[in-house]
Amino acid sequence: QTTAQFLRAVADQHSDKGICVFESQDRRFIICFSITKTLMRITILDRSTVLHSIGFDFQKKPKLLIHFLLGLMFASDTRLGYDPTIQINSKLERIVKLGNYTCILTKLCWKNSMIRGCVTTVYYVKVNKEEMVLKLSWSITTQSPSEVYFLQMAKENKVKGVPELVTWGRCSAVQRQGHNG
């Protein structure tokens, strides 16, 4: 395979899998694999990265294939790419807990379709039977002033036309080692 063919295949794969990540509301990344004859390659795709493993011959190294499949079978939802901030309650509703609030996700309102960015997703939610919207996004906590600051100022000054900030918080379950989010 020529370099040009390889780069075209990567671009095609990223485009197809990127759509899959975008359409899957509760996913942060996906893990997939490709097999060509006896050569297998594992790929991880998220909103900004396509990461391919070095290909290996699974007939000559069957333990690698077995380890991969067992890893998928016994991995936690978070390790399989599901967003740990979204949980399922006993009524099988998708929920997000934020401080004293339990937000029941009722419908997707908007999802950022850009490959790069803050992975912003907005849901219609119910909190104690009251309808609201919930914005989930990665944030840079060192940036000042923050979006929360501006929303708090708008609330305190009763600025019309600006959504009212009910609460906000950092979900430490979503932090990756060495990254804020």
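On a predicted model such as this, the values are computed, not experimentally measured, just so you know. (Residues numbered from 1 in each chain as written. Predicted model: local features only at pLDDT ≥ 70, side-chain atom pairs only at ≥ 80, totals over all residues. Heavy atoms only, no water.)

K.L.:
Can you walk me through the overall build of the protein in this structure?
P.N.:
Counting its secondary structure elements, the protein contains three helices and nine strands. When the elements of the protein are put in sequence order from the N terminus, they spell out α-β-β-β-β-α-β-β-β-β-β-α. Within the protein, buried positions represent 24% of all 181 residues. When contacts within the protein are restricted to residue pairs at least 6 apart in sequence, those whose partners lie at least 24 apart make up 37%. Total accessible area computed for the protein in this model is approximately 13,100 Å², and 56% of it derives from carbon and sulfur atoms. (Helix = DSSP H or I, 4+ residues; strand = E, 2+ residues; numbered from the N terminus. Buried < 20%, exposed > 50% of the residue type's maximum accessible area, 1.4 Å probe, protein only. Contact = heavy atoms within 4.5 Å. Areas by Shrake-Rupley, 256 points an atom, 1.4 Å probe, with all protein chains shown as cover.)

K.L.:
Teacher, can you tell me more about the confidence of the model for the protein here?
P.N.:
Should pLDDT be low for a region, the predicted coordinates there are not to be read in detail. Mean pLDDT for the protein: 77, with 71% of residues reaching 70 or above. The secondary-structure element of the protein with the lowest mean pLDDT is helix H1 (residues 3–23), recorded at 57, while strand S4 (residues 56–57) shows the highest, at 94. Taken together, the stretch residues 172–181 has pLDDT below 50 and engages in 15 contacts with residues farther than four places along the chain or on a different chain. (pLDDT = per-residue confidence, 0-100.)

K.L.:
Before we go on, may I ask you to explain the pairing of strand S8 (residues 121–127) in this structure?
P.N.:
Looking along a regular strand, one sees the side chains alternate between the two faces of the sheet. Of all seven residues that make up S8, five are buried, and the element is covered over most of its length. Here strand S7 (residues 101–111) runs beside S8; their pairing, made up of six bridges, is antiparallel. Along S8, the bridge assignment pairs Ile104 with Lys126. Relative to strand S9 (residues 130–136), S8 runs antiparallel, the two sharing seven bridges. Note on S9: the bridge partner recorded for Tyr124 is Val133. In this structure, the hairpin formed by S8 and S9 is closed by a connection of two residues, where Asn128 is found at a positive phi of approximately 50°. (Pairing = 2+ DSSP bridges.)

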